[in-house]
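Spelled out, the chains give:
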Amino acid sequence: MLISGRGSNLQSLIDAAKAPDYPAEIALVISNKENAAGLCVAQNAGIPARVIPHQNYESREAFDRAIDMALREAKIDLVAEAGFMRIHSEWFAKTWEGKLLNIHPSLLPLFPGIRVHQQALDAGVKESGCTVHFIVHELDSGPTIAQAAVPVLPGDTAETLAARILVEEHKIYPQALKLVAEKKVVLKDGKSVFRT
Ligand code: GRF
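Report on the accompanying structure. These numbers come from a predicted model, not from an experiment. (Residues numbered from 1 in each chain as written. Predicted model: local features only at pLDDT ≥ 70, side-chain atom pairs only at ≥ 80, totals over all residues. Heavy atoms only, no water.)

So, the pairing of strand S5 (residues 100–104)
Along S5, five of the five residues are buried, which leaves the element largely enclosed by surrounding structure. Where burial is concerned, the two faces of S5 agree: the one with Leu100, Asn102 and His104 and the one with Leu101 and Ile103 are both buried. Bridge count between strand S4 (residues 79–82) and S5: three bridges; the pairing is parallel. In the strand pairing of S5, Glu81 is matched with Asn102. For the segment spanning S4, helix H4 (residues 90–95) and S5, crossover handedness is right-handed. Pairing of S5 with strand S6 (residues 127–134) involves four bridges; the strand directions are antiparallel. Within the sheet, the bridge partner assigned to Leu101 lies in S6 and is Phe134. (Buried < 20%, exposed > 50% of the residue type's maximum accessible area, 1.4 Å probe, protein only. Helix = DSSP H or I, 4+ residues; strand = E, 2+ residues; numbered from the N terminus. Pairing = 2+ DSSP bridges. Right-handed = clockwise from strand over helix to strand, strands pointing away.)

Some details on the site of the ligand
Residues in contact with the ligand, as listed here, are Arg6, Gly7, Ser8, Asn9, Ala82, Gly83, Ile103, His104, Pro105 and Glu169. The backbone of Gly7 places a nitrogen or oxygen atom 2.8 Å from an oxygen atom of the ligand. Between the ligand and Ser8 there is a distance of 2.5 Å, counted from an oxygen atom to a side-chain nitrogen or oxygen. Contact with the protein chains hides 84% of the accessible area of the ligand, taken as 370 Å² for the molecule alone. Counting only elements with at least two residues in the shell around the ligand, the list comes to helix H1 (8–17) and S5. Across the shell around the ligand, the residue classes tally to three nonpolar, five polar and two charged. (Near = heavy atom within 4 Å. Polar contact = N/O pair within 3.5 Å; in protein donor to acceptor, adjacent residues only side chain to side chain. Areas by Shrake-Rupley, 256 points an atom, 1.4 Å probe, with all protein chains shown as cover. Nonpolar A, V, L, I, M, F, W, Y, C, P; charged D, E, K, R; others polar.)

Shown next, in the form of structure tokens:
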């Protein structure tokens, strides 16, 4: 998993992967921030964790190549990102195409980018939610694997809405990763193709 911060989605995937029939193992955590709380989540679960600071690299692609090398050394098959605050180079997105997942706290394609919950409140939508998607080169625009919706309630702040959505994030990310690990959804010709 690639993270930059808190690591609550990391925790939810670690918990899901404890089930004996779960088809994926969380084998490596990489953070670009050395103070990411998620590194403690990994440590508590006994999962190898590495810090690869992006500022040590001269370009986006050079940083991505360091991540790629760490992933290959650990024989990683799939990469799940959660709160990883770096945009990938086209090279990385193409190299890992179909094996790269992200979770975003809105019902994409609505509200990509940052300050997502405030964007939803400002737009006056009656519901928002979260999306797990394949990463393609364009930011927050990859084909959808799973979504969950929640109501936006009167008096909501960005914080209360974020908390309501996070509960759903922790449900759908494990489900979406399971589908990808079992090849029940694959990325084909730029679209998510579901197989029964
Ligand atoms: C989540 O809300 C995720 O959707 C967004 O960043 C946040 C990461 O939270 N991309 P955490 O680090 O998984 O707790």
